[in-house]
Each structure stands twice: as C-alpha cells, then as structure tokens.
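# Report on the structure
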Amino acid sequence: MTKRHIVFIGGGPRTSIILERISANRALLENTELHLHIVDPFPAGAGRIWREDQSPLLKLNSRAADVTMFTDDSVQCLGPAKNGPALDQWVQLIRDGQLTDAPALLLTDPLLQAEVASLGPGDFPTRRLQSCYLRWFFARVCTSFTAPDSIQVHEETAVDLIPGSNTHKVLLASGEEILADQVVLVQGHLDAALHADARATEFSAHADSADHLGYTPPGYTNDINFDDLLPGTKALVSGMGLAFTDLFVLLFEGRGGRFEPTESGALHYIPSGQEPKLLAGSRRGVPYHSKIRSTTTAELTTRYFTKEAVTKLHQRHGQLDFFAHIWPLLAKETGHFYYRELFGTRPEGLHGGWDDFLSSYDAIAWYSPERASLVAKFVSLDDRLEFEELEFPLPIPRPLPAQGNRERLNKLVRDHIRQDLRLRDSPDHPQFQALFFGLLRCFVTLPLVHDKLSESGRAQLSNWWQGFFSFVDSGPPAHRLRELLALHEAGFIQFLGPETSFGFDAERQLFSAQTLSGTVHAPWLIEARLPTTHISTSTDPLLDSLLRQGLITEEPGGSGKMHITSLRQAIGRKGRIQRWLFATGAAVGRFQAGAFARPQSNSASFADSDALARELLSAPATMDQWELAGAVTQAHQSIA
C-alpha cells in the first residue's frame with residue numbers, strides 16, 4: 001500500500017469543508033494511506049477570523065438558521081451529500097441533550113451557556129459560538145478518517161516550501177519539516193506589509209512624529225489594541241462597512257456603555273465615561289444596508305443570467321467586459337426577482353398585472369429607455385429599483401447650502417438609516433428579500449463567467465462586484481444600525497457624509513477629512529477597513545518564498561490575487577503549472593465563494609470544495625487534466 005501526504009496551509013472553515021469532501025469522496029483513492037496535515041498558528045477548524053479568543057460582543061452578520069458547514073442534498077456536485085445540522089439546529093441538539101460530542105467550552109463558559117439557552121433560528125450568534133460550531137465540525141470530520149489514514153494539526157506558521165521531483169518539503173517556523181505529495185494553500189485573508197500601502201506609511205509616520213497624534217492602519221478590528229485612544233478623543237474614521245460596525249461595538253459597548261430600549265422602539269445609549277468621539281465618512285457615506293427580516297413568496301428561479309445567455313454573449317463579443325456585458329444581465333435578473341415579488345405581494349400599489357409587465361420586461365435590456373418607461377408605467381416612484389440609487393443612496397443637493405450644511409449631512413445619513421430599517425427590518429417589504437436572493441443567486445453563478453472575461457473584466461469583477469454585493473447583501477443586523485443611531489443621538493458618532501477623503505494638515509498638525517460640508521480635523525485617524533493585499537505585498541513568509549521561487553504569480557489584470565488554473569493549480573513564472581500545488585480562498589484569483597453558506601442553497605463554496613477534493617484524490621491516478629476539467633465544469637454547470 002502506498003502513502004500520500006497532503007499538506008493544507010491554513011486551517012479555517014474552508015479547509016474543514018475540503019477535508020469533509022475528501023472524506024466523502026475517499027473511495028476514489030484506493031490502496032493508499034492518506035495522511036493529511038493542517039498548518040495554522042490559530043485553532044484548526046476556526047482559524048484566525050473565527051477563533052474563540054475574541055470579544056463576546058462581536059456577532060455574525062448571518063442568522064443562526066442561515067449558517068451551515070454541511071454539503072447538503074441541494075448542492076449539485078459529483079461527490080455524495082453529507083447532511084448535518086445548521087448552526088441553529090446544532091444549538092437545539094445541545095439544548096435537548098442529543099449532542100454527545102458538544103465542545104467542552106459550551107459546558108464551562110457562562111456567556112456561551114446563556115447564548116445556547118436562548119438562541120433562536122432568527123437570532124445573530126456571537127462569533128465565539130460560531131467558533132465552537134466550526135471546531136466541532138472539524139473534530140467530527142477528523143473522526144471520519146480511520147486508520148491507516150491520519151490527520152495531524154501543526155499549530156505553527158509555514159515559512160518555506162522546498163519543491164522536489166516527486167515529494168516536497170514544507171518548512172515550519174519551529175524548524176520542523178513536513179513531507180508533501182500535494183500542498184493546498186488556504187490562507188484566507190492576508191495581512192499587508194505597511195510599506196506596501198503608501199497612505200498607511202505616510203499617516204503612520206505623521207502619527208509617530210507627535211505624542212498627541214494616533215493612527216490605526218487597515219486591519220482586523222478585533223486584533224487591534226485601542227487602549228491609546230483615550231476617552232473624549234476625537235477620531236476620524238475612514239470606512240463605514242462591517243469593520244466600522246465592529247469598531248463602534250468595541251469602543252462603546254466594549255468599554256462599558258449600554259443600550260436601553262425606548263417607548264418608540266429605538267435605543268438610548270447610556271455612556272460609561274470611557275467613550276471617544278468618532279467622525280465617520282466614506283465613499284458612499286452610509287453604513288451597509290441592514291439585514292432583511294421579510295419572507296419571499298414568489299418562486300426563486302433564474303431567467304436571464306444563465307449559462308446559455310453568457311455563452312451567446314461570448315460567441316458574439318469574444319472576451320467579455322463585466323460592466324458592458326455581464327452586469328446588465330445580473331441587474332435584469334435581480335430586477336426580475338424584485339419585481340416578481342412586488343407584483344405578488346403588493347398588487348394594490350401597481351398599475352397592471354405581472355404577466356403584462358413580464359412580457360415586455362423579457363424583451364428589453366436593463367439599461368434602456370424602454371425599461372425605464374415600462375417600470376414608470378407599472379410601478380410607483382417609491383417602489384422602483386435603480387441599482388445606482390441603491391449603491392449611492394444619499395440625495396446630495398449641489399451645491400450644499402452655506403449655512404447648516406454639516407448638520408444637513410448628518411440628517412441625510414440619519415434619515416437614510418431609519419428608512420433602511422423601515423424597509424428591511426420589517427415583514428412588510430418582501431421585495432427586498434427577493435432582491436437579496438436575486439443577487440445571491442447571481443453570486444453563485446459567477447464562477448461560470450470567469451474564463452469568458454477579459455483581463456479588464458476580471459479586474460472589474462474583483463474590484464467592484466464584491467464590494468457592491470457586500471454593501472447590499474452582507475450588511476449588519478438591524479439592531480447594530482439602531483445602536484449606531486443611538487450613539488449618534490448621544491453625540492458620540494457624527495457622520496461626515498459621502499465622497500469623504502482623508503489627509504494630514506501639516507500646518508495644524510492634525511489629521512483632516514475633506515467633506516462636502518468643509519474640512520474637519522482630529523488628532524486620530526482610524527482606517528475601518530481590511531488591508532488591500534496583493535500576494536506580492538503580504539506579510540506571509542511562505543507566499544514570499546513561493547513568489548521568489550517563481551512557483552506562484554499574480555493573475556493578470558492587477559487584482560493582486562494568485563494566478564491559478566480552472567483546476568485550482570498554481571500558475572508559476574512563464575506560465576508553468578504546478579500540478580501538485582493547489583490554492584483556494586480569499587487570496588486566490590478566479591471567482592471565490594465564501595467559506596460557509598445557507599442551508600439548501602446549492603452553495604458554490606461546497607461545490608468548489610467537492611471538486612477540489614476530487615482533484616486531490618483522483619487527478620494524479622485516474623484523470624488527465626482535460627478529463628478533470630470536464631468533471632469540474634459539469635459540477636458547476638447546474639449551480640445557477
């Protein structure tokens with residue numbers, strides 16, 4: 001019997017799913033002992049982002065019922081389905097005493113015990129509880145492998161890789177070496193070297209030059225120490241996405257403040273006396289849209305953004321541009337989801353029936369005068385869908401009035417948040433849930449498009465789509481936006497509005513924010529965003545070595561992500577394919593889905609992981625690269 005060693009660099013949830021898929025497809029590899037190694041300095045199963053060691057105040061932006069690690073029977077892939085409990089079901093099993101292998105931490109930590117006792121399917125779990133779920137899943141996957149197979153976890157950092165003719169060596173920081181027949185890079189989000197970010201380098205130098213100044217470069221909010229940000233200090237904040245949500249949770253409730261409900265249903269903030277004062281702005285000037293509480297009634301079927309439609313575009317135009325060719329299809333598909341639900345649930349506010357609307361809608365392009373005329377004929381102004389207004393929702397008058405313009409911006413942001421909550425945190429507007437599902441359906445279909453995009457099209461997909469999708473579909477729970485309004489009403493957070501840019505005023509020796517209402521100054525500046533990381537500028541020592549050796553390269557188009565084949569094999573210098581070196585996840589090119597997903601959603605991340613697992617097991621022995629490419633294509637064709 002032969003032996004095969006597969007080394008995974010990174011032990012987060014994506015690796016866990018690949019391992020589960022290897023276990024499910026284990027029969028593909030016969031007469032071979034399988035030895036799997038996971039290398040990660042953080043706890044295997046959870047990894048860095050989802051580790052238990054973080055604030056109990058931080059939560060997922062997904063409901064407990066919307067998180068699963070199991071490749072259920074909705075996933076259209078070649079390997080067998082392995083059903084298991086979603087997070088809410090897992091918690092219920094613990095409450096009922098039916099889970100014999102519940103993590104020990106759940107039995108000893110009073111905060112987690114209280115959360116398990118009360119968590120419902122519609123609640124947003126803490127990241128610490130999610131960590132327990134992920135660690136439990138990883139442990140269960142490990143037990144699915146039996147001797148002579150083995151799984152070994154190395155809680156270390158991989159620093160180098162020495163390729164050989166058949167087997168290779170992965171070097172760890174401790175000096176240990178691991179033999180590998182195949183290596184899978186699954187590092188996830190990367191830290192960026194400070195010198196690679198000119199703005200961060202400049203602002204850090206300013207902050208270091210004077211004791212009264214402070215600067216927080218881009219990073220993971222939970223990993224940042226804000227002890228030097230003293231109570232009462234004014235701080236400019238660049239960014240209003242999910243990192244901003246984590247920021248105000250840690251700086252206010254995390255410093256002892258608390259929220260109390262009012263008779264109107266809003267929240268009132270009770271300060272602790274330890275609060276700074278934040279002045280937050282961004283390109284859009286508003287936080288991400290709230291999570292949605294309504295339920296759809298219409299059938300969720302794809303109509304326009306299909307494999308056939310993309311193939312026709314490719315035959316007509318050759319390599320496709322994302323904005324010119326793909327986005328109009330996505331917009332029309334998502335608009336179809338939205339209007340179908342609107343006609344089905346609120347016909348009294350419309351002028352005509354769905355069948356008449358659809359017959360005209362089918363024949364027109366999204367970006368056309370005919371579409372605008374059709375919608376104006378059937379739909380009242382307040383219910384019309386325009387993606388540009390969705391992405392940049394503030395109606396900014398130009399020019400702003402000379403007097404009271406700063407308060408005008410605050411009011412615009414405040415009113416937008418309240419309106420967003422009215423529409424999304426309510427059962428009365430299911431068209432927004434349909435909009436959510438439409439974008440989500442398009443999201444999981446995008447892997448079919450990648451190879452048909454031009455380099456500029458891929459850059460557009462990488463640079464714009466993910467941010468837009470997150471802004472609309474991956475926002476915070478509604479209660480976080482109510483907390484933000486309470487902090488604003490209490491005077492601890494002010495809004496700088498859209499089109500805000502940040503700099504340093506050398507004359508005043510203060511950081512500055514250029515806003516539509518003038519310039520604002522403060523001694524602190526906080527970057528509430530993740531670092532923009534290219535694999536060539538990351539702090540990962542293994543990636544640095546692989547780049548120097550020419551084993552990996554950045555993909556064309558300027559995304560900074562790793563260049564890989566459709567089989568997820570690394571493409572090295574001069575286009576050489578490393579058939580033993582695989583890569584997946586946030587640092588990798590092509591289109592990458594998330595690490596876990598909603599149950600019964602035919603998740604692309606699970607289909608991807610199944611395809612990769614089958615590649616690892618069967619490609620060297622039973623398939624040539626073209627046969628395997630066909631199998632991967634088959635696995636993806638039905639994702640839509």
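Since the model is a prediction, treat every value here as computed from it, not as a measurement.

Attention now goes to unusual backbone geometry. Between Ala-147 and the following residue, Pro-148, the backbone shows a cis peptide bond with an omega angle of 10°. Relative to the assigned elements, Pro-148 resides in the loop between helix 5 (127-143) and strand 3 (150-154). In this structure, Arg-568 takes a positive phi of about 70° despite not being glycine. Along the chain, Arg-568 falls in the loop between helix 17 (541-549) and strand 18 (569-571).

Two measures define how a pair of helices packs: the angle their axes make with one another and the distance between the axes. Contact pair helix 1 (residues 13-24) / helix 5: the axes reach a minimum separation of 10 Å and the direction vectors enclose 30°. As summarised for this structure, helix 1 and helix 5 are arranged roughly parallel, according to the angle between their axes. For the element pair helix 1 and helix 5, the recorded crossing hand is left-handed. Residues Pro-13, Ser-16, Ile-17, Leu-19 and Glu-20 of helix 1 lie in contact with helix 5, whose contacting residues are Leu-134, Phe-137, Phe-138 and Val-141. Looking at the contact of helix 1 with helix 5 residue by residue, the classes come out as seven nonpolar, one polar and one charged.

All chains considered together, the criterion is met by 31 salt bridges. The salt bridge involving Asp-246 is made with Arg-127; its shortest N-O contact spans 2.8 Å. Linking Asp-246 in helix 7 (residues 242-251) with Arg-127 in helix 5, this pair joins segments that are 119 residues apart in sequence. An identical accessibility class is assigned to Asp-246 and Arg-127; each is buried. With a closest N to O distance of 3.3 Å, Asp-383 and Arg-346 form a salt bridge. Of the two residues, Asp-383 is situated in the loop between helix 11 (369-378) and helix 12 (387-391) and Arg-346 in the loop between helix 9 (322-345) and helix 10 (354-361); the sequence distance between them amounts to 37 residues. What makes Arg-346 partly exposed here is its relative accessible area of 23%.

A few words on helix 8 (residues 307-317). Of the residues making up helix 8, those classed as buried are Ala-309, Val-310 and Leu-313. The buried residues of helix 8 occupy an angular sector of 95° when the element is viewed end-on, so they sit on one face. Turned more than 90 degrees from where helix 8 packs its buried face, Glu-308, Lys-312 and Gln-315 sit exposed. Two residues or fewer past helix 8, Gly-318 is found with a positive phi of approximately 75°.

A few words on the layout of surface pockets. Of the volumes computed, that of the second largest pocket is approximately 790 Å³. Considering the residues around the second largest pocket, the lining is formed by 28 residues, among which Asp-382, Arg-384, Glu-389, Gln-419 and Leu-423 are closest to the centre. Every element with two or more residues in the lining of the second largest pocket is listed here: helix 11, helix 12, helix 13 (405-424) and helix 14 (430-445). The biggest single contributor to the lining of the second largest pocket is helix 13, with eight residues. When the residues that make up the lining of the second largest pocket are grouped by side-chain class, the tally is 13 nonpolar, five polar and 10 charged.

A few words now on the state of the cysteines. Such a bond, covalent and formed between the sulfur atoms of two cysteines, is termed a disulfide. Using the criterion set out here, one finds zero disulfides in the structure. Cys-132 takes part in no disulfide bond, and the closest cysteine sulfur to it belongs to Cys-142, at a distance of 16 Å.

This brings us to the sheet that holds strand 17 (residues 524-527). Reading across from one edge, 8-17-9-12-13 is the order of the five strands in this open sheet, with parallel pairing throughout. The open sheet terminates on both sides in strands that have one partner only, identified here as strand 8 (214-216) and strand 13 (493-497). If you compare each strand with its neighbour and ignore which way they point, the axes differ by 20° on average. The pairing of strand 12 (residues 277-281) with strand 13 spans four bridges and is classified as parallel.

The next thing to look at is helix 16 (residues 478-489). The end-to-end C-alpha separation of helix 16 is 17 Å, in line with the 16 Å expected for 12 residues at 1.5 Å each. Of all 12 residues making up helix 16, nine are buried, and the element is well covered by its neighbours. Listed in full, the buried residues belonging to helix 16 are Ala-478, Arg-480, Leu-481, Glu-483, Leu-484, Leu-485, Ala-486, Leu-487 and His-488. Buried residues in helix 16 make contact with helix 7, strand 10 (258-261), strand 11 (267-270), helix 13 and strand 13. Two residues or fewer after helix 16 comes Gly-491, characterised by a positive phi angle close to 90°.

Cut-off values and rules
Residues numbered from 1 in each chain as written. Predicted model: local features only at pLDDT ≥ 70, side-chain atom pairs only at ≥ 80, totals over all residues. Heavy atoms only, no water. Helix = DSSP H or I, 4+ residues; strand = E, 2+ residues; numbered from the N terminus. Axes fitted to C-alpha atoms, helices over the stretch in contact; angles between N-to-C directions. Parallel < 35°, antiparallel > 145°, perpendicular 65-115°, else oblique. Left-handed = near helix turned anticlockwise from the far one by under 90°. Contact = heavy atoms within 4.5 Å. Nonpolar A, V, L, I, M, F, W, Y, C, P; charged D, E, K, R; others polar. Salt bridge = Lys/Arg side-chain N within 4 Å of Asp/Glu carboxyl O. Buried < 20%, exposed > 50% of the residue type's maximum accessible area, 1.4 Å probe, protein only. Arc of directions from axis to C-beta. 1 Å grid on protein atoms, 1.4 Å probe; cavity = no way out; pocket = protein on both sides within 12 Å on 5 of 7 lines; lining within 4 Å. Points joined across faces, edges and corners; volume = space filled by probe spheres on them. Disulfide = S-S within 2.5 Å. Pairing = 2+ DSSP bridges. Expected span 1.5 Å × (residues − 1).

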